[in-house]
Amino acid sequence: MNAHPAPPALAAWSRGREWHRFIDGSPAVWRFADNRREAPPLVLLPGALGDASSAWHIAEAFDAQRRVLAVTYPGGCDAMALADGLAALLQSLDIGPAAVWGSSYGAWWAQAFARRHPSRVAALWLGNTFVDGADVAASPLFDAAWLATAASDEVVARWSAALSGRPDDPLRAAQLHLLHHTLPAAQLHGRLRQVAQAPALPPASAPGLVVSDCADDPTLGPAVRERVRARYRDARTLQLPTGGHYPHIVDSRPLVDAMRAWLAD
């Protein structure tokens, strides 16, 4: 029996995709699903835990209206390398300026993408993100000193124990599946080291810039959320009342509705 199976909707979406690989110039390996529609592009960059399938609700919601590129990016690369790798991926697909949705770590390095490759960004959504590693340093799961010396299997084991101790709900089921079945341990470990050591990136400037968060986010508290908003006083801001750190999994409908308005603009 498969331990930690995917929620049925996630599993169905992932099975229905045609998955592709891309090796950038570093050389790092990217994995992505592309619906190949003749439509304005929407790039999805989820957080550090798991692969592109964690954004399945958003991908499904916009499948008919957008060319949706759900991206699993490599672990262990700094923000500049990720930014340049994504630019190379989009160039290889002949994708022009795209709306970019990022969550958490994905939104953090999306700022570097927008600054280094502004011509490739038609709109930018920074969701449930942070300024630098200090914003998550209080969590044992992001202890920089431990992540620097632990084995990758030990990192997965600590995360698994922490997630297993949470309430048994659809989010936990999705998280445990993403942890154990979607990303090699070394790749997750590399991402988490980058989060824990993340420097404060220069603020990005992009059309249609939105900064969003959730009032009940247990990972990024009120002070962190205000710190992010303070960097983007001129951006459109959105606070969802619920959704925790994963509104795209927990309660995607309000997020998708807000994204529809964002893309319509």
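In every chain, residue numbers begin from 1 and rise along the written sequence. This being a predicted model, a pLDDT of at least 70 is required before a residue's local features are given, and a value of 80 or more before pairs of side-chain atoms are given or counted; all residues contribute to the totals for chains, interfaces and linings. Side-chain metrics rest on all non-hydrogen atoms present in the structure, leaving aside hydrogens and water.

Novice: Help me get a handle on the packing of aromatic side chains, residues and values and all.
Specialist: Here the aromatic set is Phe, Tyr and Trp, taking the six-membered ring for Trp, and pairing holds for ring centres within 6.5 Å; pairs whose planes are under 30 degrees apart are stacked, those over 60 apart are edge-to-face, and all others are tilted. Using the criterion set out here, one finds eight aromatic pairs in the structure. Measuring from centroid to centroid gives 6.2 Å for tryptophan 108 and phenylalanine 130, while their planes differ by 15°, and the two rings are stacked. In this pair, tryptophan 108 is assigned in helix α4 (residues 105–116) and phenylalanine 130 in the loop between β6 (121–127) and α5 (144–149), connecting sequence segments 22 residues apart. On the numbers, 5.2 Å between centres and 70° between planes, the contact of tryptophan 125 with tryptophan 262 is edge-to-face. A helix here means a DSSP run of H or I that spans at least four residues, while a strand means a run of E at least two residues long, and both kinds are numbered starting from the N terminus.

Novice: Residues and numbers for the pattern of salt bridges, please.
Specialist: Every case where a carboxyl oxygen of Asp or Glu lies within 4 Å of a side-chain nitrogen of Lys or Arg is listed as a salt bridge. The tally for this structure, following the rule as stated, stands at eleven salt bridges. In this structure, aspartate 168 and arginine 172 form a salt bridge, with 3.4 Å as the shortest nitrogen-oxygen distance. Residue classification places aspartate 168 among the exposed positions, given a relative accessible area of 65%. The buried label applies to any residue whose accessible area, calculated with a 1.4 Å probe on protein chains only, is under 20% of its type's maximum; exposed applies above 50%, and partly exposed to all values in between. For arginine 172, a relative accessible area of 18% corresponds to the buried category. Across the pair arginine 229 and glutamate 226 runs a salt bridge whose closest N-O atoms are separated by 3.4 Å. With arginine 229 and glutamate 226 both in helix α9 (residues 222–231) and three residues apart, the pair spans about one turn of that helix. Residue classification places glutamate 226 among the partly exposed positions, given a relative accessible area of 31%.

Novice: Mind laying out the pairing of strand β7 (residues 209–214), listing which residues take part and the relevant values?
Specialist: Of all six residues that make up β7, six are buried, and the element is covered over most of its length. Sheet topology note: the β7/strand β8 (residues 236–240) ladder contains five bridges and is parallel. In the sheet register, cysteine 214 faces β8, and the bridge partner there is leucine 240. Between the parallel pair β7 and β8, the chain is carried across by α9, and the sense of this crossover is right-handed. Two strands are said to pair when DSSP picks up at least two bridges between them. Here, the term right-handed applies to a crossover whose path from the first strand over the helix to the second runs clockwise when the strands point away from the viewer.

Novice: Describe the environment of alanine 112, listing the residues and the values that go with them.
Specialist: Here alanine 112 lies in helix α4. In sequence terms alanine 112 and alanine 83 are 29 residues apart; their C-alpha atoms lie 5.9 Å from each other. The residues contacting alanine 112, other than those within four sequence positions of it, are Ala79, Met80, Ala83 and Leu201. When checking whether two residues touch, look at their non-hydrogen atoms; a contact exists if any pair is within 4.5 Å.

Novice: Residue-level account of the pairing of strand β1 (residues 19–23), with values.
Specialist: Each regular strand carries side chains that alternate between the two faces of the sheet. The two faces of β1 differ: His20 and Phe22 on one face are buried, but Trp19, Arg21 and Ile23 on the other face are not. Taken together, β1 and the strand that follows it, strand β2 (residues 29–34), pair antiparallel across an intervening segment of five residues.

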